[in-house]
Amino acid sequence: MDQKTYDKGLQIRSAVLGKAHVDKALAEADNFTKPLQDLVTEYCWGSVWGRDGLTHKTRSMLTVAMIAALNRPHELRMHIKAALTNGVTREEIREILLQVGIYAGVPAAVDSFRIARETFAELDQD
């Protein structure tokens, strides 16, 4: 593991997803899941999210679209929150999910709209 890339990834991951979320994920890692947490932190957040080629807002928009298309509801909920943190508006999220409906199928969009609406409601309660 490259410690510098890991540290950069940890900083970005915490800023985008929230320090509490990341601290919890790392604290709950065991011998089986720790290698996955290390991989995600170093490669996903350090090597890719840490690149200069796209803004974090753009990366969030792409991530929401891909996760919605892949129908990964738990990750979608988390990344909708992250997208809002990165400056993506609710209206932009709606447009992203409409685009998903066209290119990945209406069922993916229907589920994603439901998850987004639930996520917005949770955030509005806080």
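An unreviewed UniProt entry annotates the protein chain as 4-carboxymuconolactone decarboxylase of Mycobacterium noviomagense.

Undergrad: I keep staring at the overall build of the protein chain and nothing clicks. Help me out?
TA: Helix and strand content of the protein chain: seven helices and zero strands. The linear arrangement of helices and strands in the protein chain, starting from the amino end, is α-α-α-α-α-α-α. Its C-alpha atoms give the protein chain principal-axis dimensions of roughly 40 × 30 × 25 Å. Relative to its full complement of 126 residues, the protein chain shows a buried share of 35%. Of the accessible surface of the protein chain, which amounts to about 7,800 Å², a share of 58% is contributed by carbon and sulfur atoms. Separation between the mean location of the 16 positive side-chain charges and that of the 17 negative ones in the protein chain comes to 2 Å.

Undergrad: Please clarify how the environment of Arg51 should be interpreted in this entry.
TA: Here Arg51 lies in the loop between α3 (34-48) and α4 (56-70). Using a relative accessible area of 56% as the deciding quantity, one classes Arg51 as exposed.

Undergrad: Quick question: what am I supposed to make of the nonpolar core here?
TA: Taken as a class, soluble globular proteins show a tendency for nonpolar side chains to be buried jointly. Membership of the largest hydrophobic core comes to 15 residues, with the highest contact counts inside it found for Val64, Leu76, Ile80, Ile93, Leu97 and Ala116. Secondary structure elements with two or more residues in this core: α4, α5 (73-85), α6 (90-104) and α7 (106-125). With near-sequence residues (within four places) excluded, Ala116 lies in contact with Ile80, Ile93 and Leu97.

Undergrad: What is the right way to look at the side chain of Ser14 in this model?
TA: Here Ser14 lies in helix α1 (residues 3-17). Setting aside chain neighbours within four positions, we find Ser14 in contact with Lys19 and Val22.

Undergrad: So what exactly am I meant to see when it comes to the domain arrangement of the protein chain here?
TA: For an interface, size is often stated in terms of accessible area lost upon the parts coming together. Splitting the protein chain by domain gives domain 1 (3-46) and domain 2 (56-124). Relative placement of domain 1 and domain 2: their C-alpha centres are 22 Å apart. The interface is formed by six residues belonging to domain 1 together with six residues belonging to domain 2. Taken over both partners, the interface formed by domain 1 and domain 2 buries close to 440 Å², and the fraction arising from carbon and sulfur atoms is 76%. Summed over the shared surface of domain 1 and domain 2, the result is zero salt bridges. Our count for the contact surface shared by domain 1 and domain 2 stands at zero residue pairs in polar contact (both at pLDDT 80 or more). In terms of residues, the side of domain 1 that touches domain 2 owes the most to one element, α1, which gives four residues. Of the residues belonging to the side of domain 1 that touches domain 2, the class tally is five nonpolar, one polar and no charged.

Undergrad: Sorry if this is basic, but what is going on with the pattern of salt bridges here?
TA: Pairs may arise between side chains of opposite charge once their charged atoms sit close together. One pass over the full model with this rule turns up 11 salt bridges. For the salt bridge of Asp23 with Lys19, the shortest nitrogen-to-oxygen distance reads 2.8 Å. In this pair, Asp23 and Lys19 both sit in helix α2 (residues 19-27), four residues apart, roughly one turn of the helix. The exposure class assigned to Asp23 is partly exposed, which follows from its relative accessible area of 36%. Glu28 is the salt-bridge partner of Lys24, the closest N and O atoms lying 3.1 Å from each other.

Cut-offs used in this document
- Residues numbered from 1 in each chain as written.
- Predicted model: local features only at pLDDT ≥ 70, side-chain atom pairs only at ≥ 80, totals over all residues.
- Heavy atoms only, no water.
- Helix = DSSP H or I, 4+ residues; strand = E, 2+ residues; numbered from the N terminus.
- Buried < 20%, exposed > 50% of the residue type's maximum accessible area, 1.4 Å probe, protein only.
- Areas by Shrake-Rupley, 256 points an atom, 1.4 Å probe, with all protein chains shown as cover.
- Lys, Arg positive; Asp, Glu negative; His and termini not counted.
- Charge placed at Lys NZ, Arg CZ, Asp CG, Glu CD.
- Core = buried A, V, L, I, M, F, W, Y, C linked by side-chain atoms within 4.5 Å.
- Contact = heavy atoms within 4.5 Å.
- Domains from an automatic or database assignment.
- Buried area = accessible area lost by both parts, 1.4 Å probe.
- Salt bridge = Lys/Arg side-chain N within 4 Å of Asp/Glu carboxyl O.
- Polar contact = N/O pair within 3.5 Å; in protein donor to acceptor, adjacent residues only side chain to side chain.
- Nonpolar A, V, L, I, M, F, W, Y, C, P; charged D, E, K, R; others polar.

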